[in-house]
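This is what each chain is made of:
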Amino acid sequence: MNWDDTTPEAPERLVEAVADGEDQAIEAALRPKDLTEFVGQERVREQLDLVLRAARQRGATADHVLLSGAPGLGKTTLSMIIAAEMGAPIRITSGPAIQHAGDLAAILSSLTEGEVLFLDEIHRMSRPAEEMLYMAMEDFRVDVIVGKGPGATAIPLELPHFTLVGATTRAGLLPPPLRDRFGFTGHMEFYEPVELERVIHRSARLLEVGIEPEGAAEIAGRSRGTPRIANRLLRRVRDYAQVKEDGVVTREVAAAALGVYEVDGRGLDRLDRAVLSALLKLFGGGPVGLSTLAVAVGEERETVEEVAEPFLVREGLLARTPRGRVATPAAWAHLGLTPPQQGGAGQGQQGLFGA
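As the structure is a prediction and not an experimental result, all values here were calculated from the model. (Residues numbered from 1 in each chain as written. Predicted model: local features only at pLDDT ≥ 70, side-chain atom pairs only at ≥ 80, totals over all residues. Heavy atoms only, no water.)

Q: Explain the packing of aromatic side chains to me, please; I cannot follow it from the model alone.
A: Aromatic ring pairs are reported here in terms of the distance separating the ring centres and the angle at which the planes meet. Inspection of the entire model under this criterion finds one aromatic pair. Here the guanidinium or amino end of R224 rests over the ring plane of F311, the centre of that ring lying 3.9 Å away. Above the ring of F190, the side-chain terminus of R314 is found at 3.5 Å from the ring centroid. (Phe/Tyr/Trp six-rings, centres within 6.5 Å; stacked < 30°, edge-to-face > 60°. Lys NZ or Arg CZ within 6 Å of the ring centre and 35° of its normal.)

Given below as structure tokens:
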């Protein structure tokens, strides 16, 4: 249940970590309300608990918080928990929505004392707004420019003390002056299967879905370490169990349901397997250029590079090298194929992995 819901794009794949309209509606009902209910991210949760408790004891607003990590790991959920723990309202916006300094000034000037401002995809904010945010975070004031040219005047505007919670999937794109102004930085890690099982059991209780431990484990193993994906797979398995079985999610039911949706035992879907299959069968395991590989699977270069490759690399099934994309021995094993032992297109792979 720990996932974000502020990304507007609808996912085209069942294993995509962005949230569509259905996800957002379901997530609102399933979100944990405090840190004790939040599953996983033990290190970040413990550190954040200390920050919030100390702020409450001082009777002060909490330090600004930066949360980084892949989509679907709980950044939005944690921002809402921060507001709840501090007994404060929360305002939610995103970096792409703030294209001018005036947009940010309008938001900041309407905040109330102690309010939490959640800024998703903070690295995509415009540079003028970013520079205004420096002063707002540090001095709780902004300078509003009135007029143009030589007659322009800067009017200082005092702001109430607020807590900024910034979320980003690409922390490296944040300029150092902005990163340095956050009092606490937490990096969200991918979840272990046992943690995802806890997420799935809690979601199943709230959705009133009967599920066996083995069924939860089967779904967790295919969820790519991401709670949002686990929750989405649970809903699809629930539908299958309701229509074709007795409504109870067992290991067999979960495997059959996810087989219908083409999500295999490691969480790979049709696109992932198409990329690996082309790399292995057409190019002997590589190395092969990205553009050539994209043409072979009938997808855009950006789709292969940004959608399929990150998970395949993280799973150790594919490697990016200066000479091109190369399959690892694990990729051959996963598709049940035998790597070439000598010569041919697979020679590059043998040199890299000794296969």
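Q: Help me out: how do you make sense of the environment of A204 in this one?
A: Note that A204 resides in helix 7 (residues 193-207). The exposure class of A204 is buried, given its relative accessible area of 1%. Distance from A204 to R235, taken between C-alpha atoms, is 8.8 Å for residues 31 residues apart in sequence. Leave out the neighbours within four places in its chain, and A204 touches V209, I211 and L234. (Helix = DSSP H or I, 4+ residues; strand = E, 2+ residues; numbered from the N terminus. Buried < 20%, exposed > 50% of the residue type's maximum accessible area, 1.4 Å probe, protein only. Contact = heavy atoms within 4.5 Å.)

Q: I'm lost on the pattern of salt bridges in this one. Help?
A: Pairing between side chains becomes possible if they bear opposite charge and their charged atoms approach one another. Throughout the structure, instances matching the rule amount to 17 salt bridges. Taking the shortest distance from any N to any O, the salt bridge between E42 and R45 comes out at 2.5 Å. Highlighted residues: E42 and R45, both in helix 2 (residues 42-58), separated by three residues, approximately one helical turn. Take E42: its relative accessible area is 40%, and that puts it in the partly exposed class. A salt bridge links R320 to E309; the shortest N-O distance between them is 2.7 Å. Of this pair, R320 sits in strand 10 (residues 318-321) while E309 sits in helix 13 (residues 301-314), placing them eleven residues apart in sequence. Take R320: its relative accessible area is 46%, and that puts it in the partly exposed class. (Salt bridge = Lys/Arg side-chain N within 4 Å of Asp/Glu carboxyl O.)

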